[in-house]
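Understanding the architecture of this molecule
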Amino acid sequence: DAGVIQSPRHEVTEMGQEVTLRCKPISGHDYLFWYRQTMMRGLELLIYFNNNVPIDDSGMPEDRFSAKMPNASFSTLKIQPSEPRDSAVYFCASSLGGPTEAFFGQGTRLTVV
Amino acid sequence: TQLLEQSPQFLSIQEGENLTVYCNSSSVFSSLQWYRQEPGEGPVLLVTVVTGGEVKKLKRLTFQFGDARKDSSLHITAAQPGDTGLYLCAGGGRAGGYQKVTFGTGTKLQVIP
């Protein structure tokens, strides 16, 4: 299995631009998670989906962030407009059965200048 | 909000030494996971413990879940340079009707050859 695949690996964008991060979960997994990792706040759960349906988005920082999962093999996290404080590593993860025991992708390092 | 504090934050030791990392909370968790994260990669699951007092061994790593399911420890015997990385604990439970997971603050381990 190829594992969770994220793209791009690195993204540098200017403040105010739209950013879209992409994720392909492990085939057969019914949960998908988006996390953000920073030095200051550690690893934070932003949103998760179960069977393509958003279940808990309480971690999404504000309305500039949105996530979709149009099918079982693809999800996006969009930031519009982006701000410098959004700079972080964003991870996608997937699992069977819930938020614990998740398999993480390699992450997207986002830098907003 | 469930918080997981890890100690120490940083640890630099010589190859062959033993070490213990702690993960503490005032909240009760239904399960607890330990992950290891290497630079530029996503966290990788090492173990899950679910029963108070449970001890699990993974080669030179010993994981223990506290009796009250509020804390956990990771002990590494005869550390190797390959053990270098960021160790994260994560507590699972339910809050607000949803399954939740909270990641700890992390312990960055460096094993010097």
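Once that is clear, we can look at the overall build of chain B. Of the regular secondary structure elements, chain B holds zero helices and 11 strands. Listing every helix and strand of chain B by position from the N terminus yields β-β-β-β-β-β-β-β-β-β-β. On C-alpha atoms alone, chain B measures out to a radius of gyration of 14 Å, which is about the 13 Å that the 2.2 N^0.38 rule sets for 113 residues. Principal-axis analysis of the C-alpha atoms gives chain B an extent of 45 × 30 × 20 Å. Sorting the 113 residues of chain B into buried and exposed places 46% on the buried side. Look at the contacts in chain B between residues 6 or more apart in sequence, and 53% of them connect residues 24 or more apart. As displayed, chain B has an accessible area near 5,500 Å², and 51% of this comes from carbon and sulfur atoms. Charge centroids of chain B, computed over 10 positive and 9 negative side chains, lie 8 Å from each other.

Turning our eyes to something else, we now look at the environment of A:Pro81. With respect to the helices, strands and loops of the structure, A:Pro81 is situated in the loop between β8 (74-79) and β9 (88-95). Accessibility expressed as a relative area gives 34% for A:Pro81, which makes it partly exposed.

For the structure on display, the rule yields 11 salt bridges over all chains. A salt bridge links A:Arg36 to A:Glu44; the shortest N-O distance between them is 3.5 Å. Like A:Glu44, A:Arg36 is buried. One salt bridge connects A:Asp56 with B:Lys100, and the closest N-O pair in it is separated by 2.5 Å. With one member in each of two chains, A:Asp56 in strand β6 (residues 53-56) and B:Lys100 in strand β10 (residues 98-103) form a pair that bridges those chains.

Here the focus is the sheet that holds strand β3 (residues 19-24) of chain B. Residue and element names in this part refer to chain B. Across the sheet, five strands lie side by side as β1-β3-β8-β7-β6; this open sheet has antiparallel pairing. Of all the strands in the sheet, the pair left with one neighbour each is β1 (5-7) and β6 (55-58). In this sheet, neighbouring strand axes are inclined to one another by 15 degrees on average, regardless of whether the strands run parallel or antiparallel. Note that β3 and strand β8 (residues 71-76) share six bridges and pair antiparallel. Bridge assignment links Leu19 to a residue of β8, and that residue is Ile76.

This part covers the interface of chain B and chain A. With 18 residues of chain B in contact, the opposing surface of chain A contributes 20 residues. Counting the surface chain B buries against chain A, the share from its top three residues, B:Gln99, B:Val101 and B:Phe103, is 31%. At the surface where chain B touches chain A, the tally comes to one salt bridge. Our count for the contact surface shared by chain B and chain A stands at 10 residue pairs in polar contact (both at pLDDT 80 or more). Elements with a contribution of two residues or more to the side of chain B that touches chain A: β4 (31-37), β5 (44-49), β9 (85-95) and β10 of chain B. When residues of the side of chain B that touches chain A are assigned to their parent elements, the largest contribution, five residues, is made by β10(B). Here the residues of the side of chain B that touches chain A are counted per class, giving eight nonpolar, eight polar and two charged.

Rules used in this analysis
- Residues numbered from 1 in each chain as written.
- Chains lettered and ligands numbered in written order.
- Predicted model: local features only at pLDDT ≥ 70, side-chain atom pairs only at ≥ 80, totals over all residues.
- Heavy atoms only, no water.
- Helix = DSSP H or I, 4+ residues; strand = E, 2+ residues; numbered from the N terminus.
- Rg over C-alpha atoms; globule rule 2.2 N^0.38 Å.
- Buried < 20%, exposed > 50% of the residue type's maximum accessible area, 1.4 Å probe, protein only.
- Contact = heavy atoms within 4.5 Å.
- Areas by Shrake-Rupley, 256 points an atom, 1.4 Å probe, with all protein chains shown as cover.
- Lys, Arg positive; Asp, Glu negative; His and termini not counted.
- Charge placed at Lys NZ, Arg CZ, Asp CG, Glu CD.
- Salt bridge = Lys/Arg side-chain N within 4 Å of Asp/Glu carboxyl O.
- Pairing = 2+ DSSP bridges.
- Axes fitted to C-alpha atoms, helices over the stretch in contact; angles between N-to-C directions.
- Buried area = accessible area lost by both parts, 1.4 Å probe.
- Polar contact = N/O pair within 3.5 Å; in protein donor to acceptor, adjacent residues only side chain to side chain.
- Nonpolar A, V, L, I, M, F, W, Y, C, P; charged D, E, K, R; others polar.

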